[in-house]
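Below, each chain spelled out in residue letters.
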Amino acid sequence: MHPEPLRAQTDLSVASPAVPAPPQAAPAPDATGTNKWVVLAVIAAGVFMATLDSSIVNISLPTIAAAFGVPLGGAVEWIIIAYLVVIAAVLLSVGRLADLVGRKPLWV
């Protein structure tokens, strides 16, 4: 028994149904444009404001101590501790809220 030789298919009269090509999507906007500079400016302003905020609290400690008539050490140090605890609590709470709701709805 000899195997039957393979024959090339020459009958191309049976056409497959035409499948339309998917529409071409518009190219994505360039992520390297001005958007990255706006983000950088907002982050830089936020870092500057956080540094300025903590500096103001530390600079005001002698004035607060003089106003209450207490020495600079001791009770006045609790102002910094309370300030840092409040900042940490707000940061954690807003972070959790952003996880639950989403970042964009939280800022809009």
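Residues numbered from 1 in each chain as written. Predicted model: local features only at pLDDT ≥ 70, side-chain atom pairs only at ≥ 80, totals over all residues. Heavy atoms only, no water.

### Some points on the overall build of the protein chain
Thinking step 1. Looking only at helices and strands, the protein chain features four helices and zero strands.
Thinking step 2. Along the protein chain, helices and strands appear, N-terminal first, in the series α-α-α-α.
Thinking step 3. Put simply, the protein chain has 108 residues, and 6% of those count as buried.
Thinking step 4. Surface summary for the protein chain: the accessible area is close to 10000 Å², and the carbon and sulfur share equals 72%. (Helix = DSSP H or I, 4+ residues; strand = E, 2+ residues; numbered from the N terminus. Buried < 20%, exposed > 50% of the residue type's maximum accessible area, 1.4 Å probe, protein only. Areas by Shrake-Rupley, 256 points an atom, 1.4 Å probe, with all protein chains shown as cover.)

### Side note on a nonpolar patch on the surface
Thinking step 1. A surface patch of nonpolar side chains, about 400 Å² in accessible area, is lined by Phe48, Met49, Leu52 and Ile56.
Thinking step 2. Along the chain, Ile56 turns up in helix α1 (residues 34-59). (Patch = residues over 30% accessible without salt bridge, like charges linked within 9 Å, V, L, I, M, F, W, Y side chains within 5 Å. Salt bridge = Lys/Arg side-chain N within 4 Å of Asp/Glu carboxyl O.)

### Regarding the confidence of the model for the protein chain
Predicted coordinates in regions of low pLDDT should not be interpreted in detail.
Thinking step 1. When the pLDDT values of the protein chain are averaged, the result is 78; 69% of them are 70 or greater.
Thinking step 2. Of all the helices and strands in the protein chain, helix α4 (residues 103-107) carries the lowest mean pLDDT, 78, while helix α3 (residues 77-101) carries the highest, 89. (pLDDT = per-residue confidence, 0-100.)

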